[in-house]
Amino acid sequence: MSNDIANINATKRMLTGKFDMKDLGVADLILEIKIHKTSQGMTLSQCHYIKTILEKFKHLGFKVAKTLIDVNLALAKNKGQSISQLDYARVFRQYGLWKQYSGLYPTNYLVYTVETSNYSRDWFYACLTQKMNVGINIYTATTWRIIFNLTSVDTASNYTLQLALAVAHEAELQVRINDGKAQEPHFTIGFIGGDNAIARHGIHGLYWLYSIGIQGNLLTKGANTIFLTQTIALTPYQGVMYDYLRLEGPHQ
């Protein structure tokens, strides 16, 4: 910026020789931002933009309205700690919710017993990696157990486990039936996912649905256990979120 008219005119002539230009005079409005020049310098204002928006939606004619209030109501200054707008946003987004998993299950894994456990209390929103030590960013694989009872089993037929995932992020989920230490899983989904919805960085995840065949001889009359292991454990964000799990009996 310069107040030297001679320099300004020389710059104009130089630019005009290289570009097609038109002198619009002193700048007054740029990108809907009003420019005010005073003796102390220049100020920028969005008043023009706000007025344009209000006119577009026919709200410019609105006036201040008086709100009735009980005269006996005494207002006092809030002496507590104020909450910033960022904190309000975090409540909705629930950023950092995944950190609660290691706190809820510091040394053991989630166990859910059908007809006994309460899903609102005994089920976490995502099957995540588990932090091994406080202050050390080393994570381990997680194995959840679902315990259920069968009054009878048709060992000669096949059962079906419907496994629906609402979210998967850089995870591999393995399924084992009644043998959590089996070297080979009965089923693995392989490496899937990259939506990052577990860390609340995405609105929703890609949906995955698997129909897993289970031989009847893997089940027993009475108590049974499904082992769900999320095997990849490099970061706290790796894991899956279940939509539903359903065990279906043989076709009649």
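Residues numbered from 1 in each chain as written. Predicted model: local features only at pLDDT ≥ 70, side-chain atom pairs only at ≥ 80, totals over all residues. Heavy atoms only, no water.

J.: So what's going on with the overall build of the chain? Which residues, and what values?
T.: Helix and strand counts for the chain come out as five helices and 15 strands. Every one of the 252 residues in the chain was classed for burial, and the buried ones make up 28%. Split by element, the accessible area of the chain, about 18,500 Å² in all, is 56% carbon and sulfur. (Helix = DSSP H or I, 4+ residues; strand = E, 2+ residues; numbered from the N terminus. Buried < 20%, exposed > 50% of the residue type's maximum accessible area, 1.4 Å probe, protein only. Areas by Shrake-Rupley, 256 points an atom, 1.4 Å probe, with all protein chains shown as cover.)

J.: So, the sheet that holds strand β14 (residues 222–230): which residues are in play, and what are the values?
T.: Where strands meet in a sheet, backbone hydrogen bonds hold them as pairs that are either parallel or antiparallel. The strand order across the open sheet built from five strands is β4-β8-β14-β10-β11, with neighbouring strands paired in mixed fashion. Two strands close off the open sheet at either side, each with one partner strand: β4 (111–113) and β11 (187–188). Pairing analysis gives nine bridges linking strand β8 (residues 142–150) to β14, with the strands arranged antiparallel. Residue pairing for β14: Asn149 is matched across the bridge by Ala223. (Pairing = 2+ DSSP bridges.)

J.: Provide a residue-level description of unusual backbone geometry, including the pertinent values.
T.: Backbone geometry follows two general trends: most residues other than glycine have a negative phi, and most peptide bonds adopt the trans configuration. Even without a glycine there, the phi angle at Glu115 is positive, about 75°. In this fold, Glu115 is placed in the loop between β4 and α5 (119–122). With phi around 45°, Glu170 is a residue other than glycine that occupies positive phi space. Mapped onto the elements of the fold, Glu170 is located in strand β9 (residues 158–171).

J.: Report on the sheet that holds strand β2 (residues 33–38), specifying residues and quantitative values.
T.: Across the sheet, three strands lie side by side as β1-β2-β3; this open sheet has antiparallel pairing. The open sheet is flanked by β1 (29–30) and β3 (41–45), the only strands paired with a single partner. Looking at chain direction, β1 and β2 are connected through two bridges and run antiparallel. Within the sheet, the bridge partner assigned to Ile30 lies in β2 and is Ile33.

J.: For the packing of aromatic side chains, give the residues involved together with the corresponding values.
T.: Taken as a whole and judged by the stated rule, the model has nine aromatic pairs. With 5.3 Å between their ring centres and 45° between their planes, Tyr101 and Tyr105 make a pair best called tilted. As far as burial versus exposure is concerned, Tyr101 and Tyr105 are alike and both buried. In this structure an aromatic cluster arises from ring pairing among Tyr101, Tyr105, Tyr112, Trp123, Phe124, Tyr125, Trp144 and Tyr242. (Phe/Tyr/Trp six-rings, centres within 6.5 Å; stacked < 30°, edge-to-face > 60°.)

J.: Can you tell me about the nonpolar core, naming the residues and giving the values?
T.: Counting residues in hydrophobic clusters, the biggest one holds 39 residues, and the most contacted among them are Leu163, Leu165 and Tyr242. Within the residue set of this core, elements represented by two or more residues are β5 (127–128), β8, β9, β10 (173–177), β13 (208–215), β14 and β15 (239–248). Counting residues per element, this core draws most heavily on β9, which supplies seven residues. (Core = buried A, V, L, I, M, F, W, Y, C linked by side-chain atoms within 4.5 Å.)

J.: I'd like a description of the pattern of salt bridges, backed by residues and values.
T.: With the rule as written, the count across this model stands at two salt bridges. Of the charged contacts in the structure, one is a salt bridge between Arg121 and Asp122, with a shortest N-O distance of 3.3 Å. The class of Asp122 is buried, set by a relative accessible area of 19%. Salt-bridge contacts for Glu248 lead to Arg246; the nearest nitrogen and oxygen are separated by 2.8 Å. Since its relative accessible area comes to 24%, Glu248 is described here as partly exposed. Assessed through its relative accessible area of 39%, Arg246 is described here as partly exposed. (Salt bridge = Lys/Arg side-chain N within 4 Å of Asp/Glu carboxyl O.)

J.: Explain the pairing of β3 to me, using residue names and the numbers behind them.
T.: Within a regular strand, the side chains alternate between the two sheet faces. As paired elements, β2 and β3 share five bridges and run antiparallel to each other. What sits directly across from His36, in β3, is Thr43. Taking the residues between adjacent antiparallel strands as the criterion, β2 and β3 are bridged by two residues.

J.: Lay out the side chain of Ser117 in plain terms, naming residues and giving numbers.
T.: Here Ser117 is to be found in the loop between β4 and α5. The residues contacting Ser117, other than those within four sequence positions of it, are Val111, Tyr112 and Asp122. (Contact = heavy atoms within 4.5 Å.)

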